[in-house]
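Understanding the architecture of this molecule
So the chains spell out like this:
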Amino acid sequence: MQAEKQTVSEEQLVVFELAGETYGVEIATVHEIIRMQDITDIPRTPEFVEGVINLRGRIIPVIDLRKRFGLGVAEQTQSSRIIVVEVGGVTVGMIVDSVSEVLRLPANNIEPPPAVISGVDAAYLRGVGKMDDQLIILLELSKVLEKEEKKQLQQESFQEVAATQE
Amino acid sequence: MSSFDMSQYLNVFMDEAEEQLEIMDDGFIKLEQSGEDPDLLNRIFRAAHTLKGASASMGFTNMAELTHDMENVLDKLRQGEVSISQGLVDILLECLDTLEEMKQEITANGNDLAIEISKLAGKLKASTEQSEDQAAEIDEEKSEEPEEVAPSEENVESAIKAAEMDLTEVEKNLIQSADIKGYYVYRIIVELNLDCQMKSVRAYLVFNNLEDYGEIIKTVPTTEEIEDEKFDRSFEIYLVTEEDTDKILNIVKSISEIADVKVSQVFLDGEKPAGIKGPVQSVEDYQNPVKKDADKPDSMPQSGAKVPKKQISQTVRVDVERLENLMNLVGELVIDRTRLTDVGDSVRGKLGTDDLVEDMEEITVHVGRVTSELQEEIMKARMLPIEQVFKRFPRMVRDLAKKAGKDIEFVVEGEETELDRTVIEEIGDPLIHLLRNSLDHGIETSAEERLEKGKPAKGLVKLNAFHEENQIVITVSDDGRGINTAKLREKAVKKGLISQDAASRMSQKEAINLIFYPGFSMAKKISDVSGRGVGMDIVRTHIEKINGIIDIDSKVDRGTTFTIKLPLTLAINRSLLVKVRENVLAIPLVNVVEILHVEIDRIKTMHSHEVTVVRGNVLPLFSLSKVLGWQSDEDKRTKLPVVVAGISDKRVGFVVDSLMGEQEIVIKPLGDYLGQISGLAGATIMGDGRVALILDVRGLVAKTEVRSGYEQAN
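This is a predicted model, so every value here is computed, not measured. (Residues numbered from 1 in each chain as written. Chains lettered and ligands numbered in written order. Predicted model: local features only at pLDDT ≥ 70, side-chain atom pairs only at ≥ 80, totals over all residues. Heavy atoms only, no water.)

Turning to the overall build of chain A, a few remarks are in order. Counting its regular elements, chain A contains four helices and 13 strands. Burial status across chain A gives 48% buried among its 166 residues. Considering only intrachain contacts with a sequence separation of at least 6, the fraction spanning at least 24 residues in chain A is 56%. Element-wise, carbon and sulfur atoms account for 47% of the exposed surface of chain A, whose accessible area totals about 8,300 Å². (Helix = DSSP H or I, 4+ residues; strand = E, 2+ residues; numbered from the N terminus. Buried < 20%, exposed > 50% of the residue type's maximum accessible area, 1.4 Å probe, protein only. Contact = heavy atoms within 4.5 Å. Areas by Shrake-Rupley, 256 points an atom, 1.4 Å probe, with all protein chains shown as cover.)

Here we take up the overall build of chain B. Along the backbone of chain B there are 24 helices and 23 strands. Across the 714 residues that make up chain B, the buried fraction comes to 48%. Expressed as a percentage of contacts within chain B between residues at least 6 apart in sequence, the contacts between residues at least 24 apart total 72%. By element, 48% of the accessible surface of chain B is carried by carbon and sulfur atoms, the whole surface being about 35,100 Å².

Residues and elements named next belong to chain B. A surface patch of like charges, here negative, comprises Asp-15, Glu-19, Glu-22, Asp-25, Asp-97 and Glu-101. For the negative patch, the elements supplying multiple residues, two or more each, are α2 (10-34) and α5 (86-109). Here the element with the most residues in the negative patch is α2; it accounts for four residues. Here Asp-97 shows up in helix α5. (Patch = residues over 30% accessible without salt bridge, like charges linked within 9 Å, V, L, I, M, F, W, Y side chains within 5 Å. Salt bridge = Lys/Arg side-chain N within 4 Å of Asp/Glu carboxyl O. Lys, Arg positive; Asp, Glu negative; His and termini not counted. Charge placed at Lys NZ, Arg CZ, Asp CG, Glu CD.)

The next thing to look at is the interface of chain A and chain B. Each partner contributes residues to the interface: chain A has 29 residues there, and chain B has 30 residues. Summed over both partners, the interface of chain A with chain B comes to about 2,300 Å²; 59% of that surface belongs to carbon and sulfur atoms. Counting across the chain A and chain B interface gives zero salt bridges. Viewed at the interface, chain B and chain A are joined by four residue pairs in polar contact (both at pLDDT 80 or more). A breakdown of the residues in the side of chain A that touches chain B according to their chemical character gives 14 nonpolar, seven polar and eight charged. (Buried area = accessible area lost by both parts, 1.4 Å probe. Polar contact = N/O pair within 3.5 Å; in protein donor to acceptor, adjacent residues only side chain to side chain. Nonpolar A, V, L, I, M, F, W, Y, C, P; charged D, E, K, R; others polar.)

Turning next to the pattern of salt bridges. Residue and element names in this part refer to chain B. Under the defined criterion, the tally for this structure stands at 23 salt bridges over all chains. Of the charged contacts, one joins Asp-557 and Lys-453 as a salt bridge, the two residues approaching to 3.0 Å between their closest N and O atoms. Placement of the pair is Asp-557 in the loop between β11 (549-555) and β12 (559-567) and Lys-453 in the loop between α18 (447-452) and β9 (459-468), with a sequence separation of 104 residues. On the basis of relative accessibility, which here comes to 30%, the residue Lys-453 falls in the partly exposed class. Two residues, Arg-505 and Asp-501, come together in a salt bridge whose shortest N-O distance is 3.4 Å. Residue Arg-505 and its partner Asp-501 are both found in helix α20 (residues 500-505); the two are separated by four residues, about one turn of the helix. On the basis of relative accessible area, Arg-505 is assigned to the exposed category, the value being 58%. Linked by salt bridges that have partners in common, Glu-444, Glu-449, Arg-450, Lys-453, Lys-455, Asp-479 and Asp-557 make up one network.

Once that is clear, we can look at the nonpolar core. Leu-65 of chain A together with Leu-624 and Leu-670 of chain B are the most contacted members of the largest nonpolar core, which totals 61 residues. Ranked by the residues each element gives to this core, the list is headed by strand β7 (residues 90-96) of chain A, at four residues. In contact with Leu-65 of chain A, other than residues within four places in its own chain, are Phe-16, Leu-18, Met-94, Ile-95, Val-96, Leu-139 and Val-144 of chain A. In terms of nonpolar packing, the next biggest core, distinct from the first, is built from 47 residues, Ile-386, Val-397, Ile-546 and Leu-568 of chain B among them. (Core = buried A, V, L, I, M, F, W, Y, C linked by side-chain atoms within 4.5 Å.)

This part takes up the confidence of the model for chain B. All names here are of chain B. Confidence in the prediction of chain B, expressed as mean pLDDT, is 76, and 81% of residues score 70 or more. Overall, residues 130-155 carries pLDDT values under 50, and its contacts beyond four positions in sequence, including any with other chains, amount to 44 contacts. Low pLDDT (under 50) marks residues 523-533, which in the prediction has 33 contacts with non-local residues, meaning those over four places away or in another chain. (pLDDT = per-residue confidence, 0-100.)

Together, Leu-340, Ile-363 and Val-367 of chain B give the surface a local cluster of nonpolar side chains, amounting to about 220 Å² of exposed area. Here Val-367 of chain B is to be found in helix α14 (residues 355-381).

A few words now on the packing of helix α3 (residues 38-58) of chain B against helix α17 (residues 421-442) of chain B. Residues and elements named next belong to chain B. Relative to each other, α3 and α17 sit at 75°, their axes nearing to 10 Å. With respect to their mutual orientation, α3 and α17 come out roughly perpendicular. Residues His-49, Thr-50, Gly-53, Ala-56 and Ser-57 of α3 form the contact with α17, whose participating residues are Asp-429, Ile-432, His-433 and Arg-436. Counted by class, the contact of α3 with α17 contains two nonpolar, five polar and two charged residues. (Axes fitted to C-alpha atoms, helices over the stretch in contact; angles between N-to-C directions. Parallel < 35°, antiparallel > 145°, perpendicular 65-115°, else oblique.)

The next point concerns the sheet that holds strand β1 (residues 10-18) of chain A. If you trace the six strands from one edge of the open sheet to the other, you get β8-β1-β2-β13-β12-β9 (chain A), paired in mixed fashion. Only two strands of the sheet have a single partner each, and these edge strands are β8 (98-106) and β9 (110-111) of chain A. (Pairing = 2+ DSSP bridges.)

So, on to the packing of α3 of chain B against helix α4 (residues 61-79) of chain B. Residue and element names in this part refer to chain B. Two elements in contact, α3 and α4, have axes separated by 9 Å at closest approach and are oriented at 160°. Considering their axes alone, α3 and α4 lie roughly antiparallel with respect to each other. Once α3 is placed against α4, the crossing between them reads as left-handed. From α3, Leu-41, Asn-42, Ile-44, Phe-45, Ala-48, His-49, Leu-51, Lys-52, Ser-55 and Ala-56 reach across to α4, where they touch Met-63, Ala-64, Thr-67, His-68, Glu-71, Leu-74, Asp-75, Leu-77 and Arg-78. (Left-handed = near helix turned anticlockwise from the far one by under 90°.)

Pasting the structure below:
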């Protein structure tokens, strides 16, 4: 991914809102954006995993990005959306507050991420883009959807479950 | 059984071998990185064991020997007698390379005899510092590389081109494919003595002797004419073989009343000269192998009939992947059919009786019918008679019985029973294990022992397959010793698998099922037949992997019967739908024993655990919601719907919120991101488009065991 970026002078981003901040993911990773729908709860998964949905015959897991980043729970609204992304062969739906636009961002407007930004760990960030007066937090999706971390979280929730059973 | 017949399941064997080699390859590397990991070692060990069994039953002795030796080393690793080192991994990997070579050799020549294994066996043994005299045995097995051809004798004509001869396209094709596989094609001109009395008999002898070394693809004049003695003094034979010209000359010359023999090699235009073996073709090509070494020559050489004529066939070979894809698409259709019906009902509810609605319903019904038929047809296209698997057993049983010195009658029934090819692929290994088990442990060692017990001297092993409702039932039975449960209990306690207390509390049935415990084996010594305790464990895992059930029925001195019940297909599954906390869950019907409505006051507590009594048996009860890890509200109902699930002999009752009925569902994976979630086998899409989770009953039952065990310990 890194190599590609250097040759392209601008990036196309899908821009969305999450807990009052503006985030962006590369358009190439976005499969589609769908409205909220019935999500089937899956037991024994980390809290941020909302469940699975039926996307035209495929079973797709859905995560709540707010919960993923620990940004607090919010009511789902009419503007809530599921962004279906595909990273490294894994397809996942991410619940966001709203999707605002598709944006072209010149590559030299992107700066490395500060250590902590609005509560989201820098490890999940690829950089910060500046567009006019707007700051767009660019997500490193491969990190956000990382499996190792997921496993660890799963383990923890397992222990929780075990604890509640005792 | 001739080598030709073996080729039918050679493909299956090759795929299997590939898979096991991959597991080992991956495992050894990980082993080197992570050191001893019991799970990993078990996995590798099973792969080696499976490959050993499969190669032995196919008659690939070197491969079986090598895997057996590897297994010995792995077993020592498992027992902690040897520790893992880089050197050891190197040797093990070298073994894998050799196994890979054998695989290629088998593809090319139909056997693995050309691969040298004694050196490796020595290394393996040295690595564990054990010196048994196994390596010496292996030495005997080694065979030499076939020598290059040196056409030298006067009778050997210079090579001729196929174009110069009168050959049909079919024959040219045969020559070409033989050449690619590294075989030689010879034109042999045989001239009989002037005073030869019975020309056709001489000719027959020539055919017969040559067919021991290769395949005759054409004769001039035709075989029929030669049989009718419609030829002068000489005739021509086109032979595909691995032997060199000298050998062929000698074979023909050894027959009396032959005046002269001329052997010349045949090439197609533009072909490389012989002696250079061409690249090995895909395994696919092996379906029509050039008959190389027939141990038993056929009664009458009918070379004409043996040539696989290329004619326009009524069958088409289809890539398995295509069939899988079709099956998936039909799965989608099945879902949409259900949805269409649901939507139709809503539309009728909204619009009432209306011409348009009626039209739509008519179409819906028709689409439904067509979909069902389509589904059935595609299912059938994937069906194969179980004969495919069964056919290789008689030979195996015979060989094993001979080895063990037992007189055994082997009866096979129901070979024509058809089942899905995915199931066929999975069922071979478990059946091998079960048959070996019956032969090795079941049937008594001596005829006297049997006679004393009032049984015929000859042991009986029976393999049967039949349809029962929507399932395939396969039974493997013997009239041998039966399972001695007292010994089983003793052994299980000794091995530390269960406590003395638990052993004495076990029912007869539970005790019999001890043989499915990992690491359990009743064999006193290690043979290549069975007896390392992986066998039965593998059998159960394999069968449950394909949603099957295995059951044992055994009476001491009367015999043992293993009953396997399998679904017709793996892609579509009949399930019971239940509701738990607004979630719809699907329980595969194969695992559902019965449905009960239990009055709340009939639920008792035993060891701080809820149970009820059903027909005199204690049935443990669990809230499905809790077992899955969901919180559940307090139950205020007086009557609880309970789904009784069964895994082998275990019965567990799951309390659900409500029952929704039975439905055909298409199994879909949950995907990489979520990975394996304990208790879930996947998901399916319902008629209304919502997702329902499919329960992994085996996993759930295992979980309940852990929990009840934990609670009891407290």
